[in-house]
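Coordinates in review
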Amino acid sequence: MSAQSSPNRLILFAGYNANAGAIRRSDIELIRELSRFGDVHCWYDNNSIADESLSAIQEYAASISVGRHGQYDFGSWKYLYQKFTGDQLDAYDELVLTNNSLLLLHKLDQMFADRSSRAEDFFAPLLLDEDYPGPDAFIEDYENNYDRHTRSVMYASIFWSLRRNLFRSDLFENFINTIQTEDSRLDVCHKYERGFSRRLWRNNISTTTLFPRMFHHVALYTEDAFLLPSLGFPFIKYKALQQDFFDIPDIRARSEALMRRTHADYRGMLKDALSEYANLGDLK
């Protein structure tokens with residue numbers, strides 16, 4: 001149960017693990033930290049997970065489901081959401097959708113406090129445009145020059161927070177209940193991540209972001225991913241460490257600086273991730 005009495009949060013956590021069912025320690029730590037702020041329900045898009053991992057998650061999560069569906073995070077969120085009756089959903093003030101693509105670097109108190117201070121119906125850390133070359137600009141200035149309805153711009157679906165009047169609306173329920181298997185991850189991104197963002201704008205839903213800036217390209221995967229934690233974003237994406245989409249200049253120096261700024265409780269996890277994904281196991 002939540003350590004905070006208000007708001008009452010329902011947190012749906014989508015996971016996938018390629019390591020023969022053994023869940024990463026960093027997943028367990030993220031679920032434990034999330035459980036301080038709401039009721040966490042997990043779905044792993046796997047055929048099975050190891051009993052030891054299952055027991056570790058159950059210590060902090062209100063429930064855990066395991067089942068392969070191939071619909072990515074959105075499918076896991078759909079199946080979790082559908083487990084609740086309308087009366088059960090109405091007991092919550094806020095719905096959070098998040099996933100295990102994130103490595104936790106800091107405690108989540110500040111981000112949840114920041115979200116709680118904002119009245120908007122929808123909150124996400126970042127607004128992204130993968131084709132935006134820069135320079136970095138305030139979102140309002142970006143929107144004066146670009147049409148968000150036609151560009152590949154979207155709220156990053158790593159952490160979405162919805163107030164009750166949004167997650168109990170026909171707009172959201174029609175969206176979540178129509179998620180299905182798509183041909184590729186890119187199709188999922190376009191149809192659901194970008195698609196839901198556009199639904200919010202077309203329906204004049206009030207939205208806000210942790211960062212009021214539009215970064216060039218996708219800040220979660222560029223060198224900016226190593227800067228965001230110092231600005232209040234408590235995570236880094238594993239794919240940034242892997243340099244999946246962009247080469248990170250001076251990644252060793254950036255990683256050393258990131259290590260120094262990471263909360264002591266999570267520094268060991270970052271060290272392990274840098275060793276595994278960035279071949280930087282010798283960092284101190």
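First, a word on scope: everything that follows refers to the structure included in this document.

Cut-offs used in this document
Residues numbered from 1 in each chain as written. Predicted model: local features only at pLDDT ≥ 70, side-chain atom pairs only at ≥ 80, totals over all residues. Heavy atoms only, no water. 1 Å grid on protein atoms, 1.4 Å probe; cavity = no way out; pocket = protein on both sides within 12 Å on 5 of 7 lines; lining within 4 Å. Points joined across faces, edges and corners; volume = space filled by probe spheres on them. Helix = DSSP H or I, 4+ residues; strand = E, 2+ residues; numbered from the N terminus. Nonpolar A, V, L, I, M, F, W, Y, C, P; charged D, E, K, R; others polar. Buried < 20%, exposed > 50% of the residue type's maximum accessible area, 1.4 Å probe, protein only. Pairing = 2+ DSSP bridges. Right-handed = clockwise from strand over helix to strand, strands pointing away. Contact = heavy atoms within 4.5 Å.

Comments concerning the layout of surface pockets
Its boundaries defined by the atoms lining it, the largest pocket holds a volume of some 1,400 Å³. If you go around the largest pocket, you meet 49 residues; those closest to its centre are Ser 101, Arg 185, Tyr 221, Lys 237 and Lys 239. If you list the elements that add at least two residues to the lining of the largest pocket, you get strand S1 (9–15), helix H1 (25–34), helix H3 (72–81), strand S7 (127–129), helix H9 (185–202), helix H10 (238–242) and helix H12 (267–278). A class-by-class count of the residues in the lining of the largest pocket yields 24 nonpolar, twelve polar and 13 charged.

A word on the pairing of strand S2 (residues 39–44)
S2 sits mainly inside the fold: six of its six residues count as buried. What you see with S2 is no split at all: Asp 39, His 41 and Trp 43 on one side and Val 40, Cys 42 and Tyr 44 on the other are buried throughout. Where S2 meets strand S3 (residues 63–66), four bridges bridge the pair, whose relative direction is parallel. Note on S3: the bridge partner recorded for His 41 is Ser 63. Handedness of the crossover is the feature at issue here: the chain leaves S2, passes through helix H2 (residues 51–58), returns alongside S3, and the resulting connection is right-handed.

Section: the side chain of Asp 27
Positionally, Asp 27 belongs in helix H1. The class for Asp 27 is buried, based on a relative accessible area of 1%. For Asp 27, the contacting residues outside a window of four places in its chain are Tyr 44 and Asn 100.

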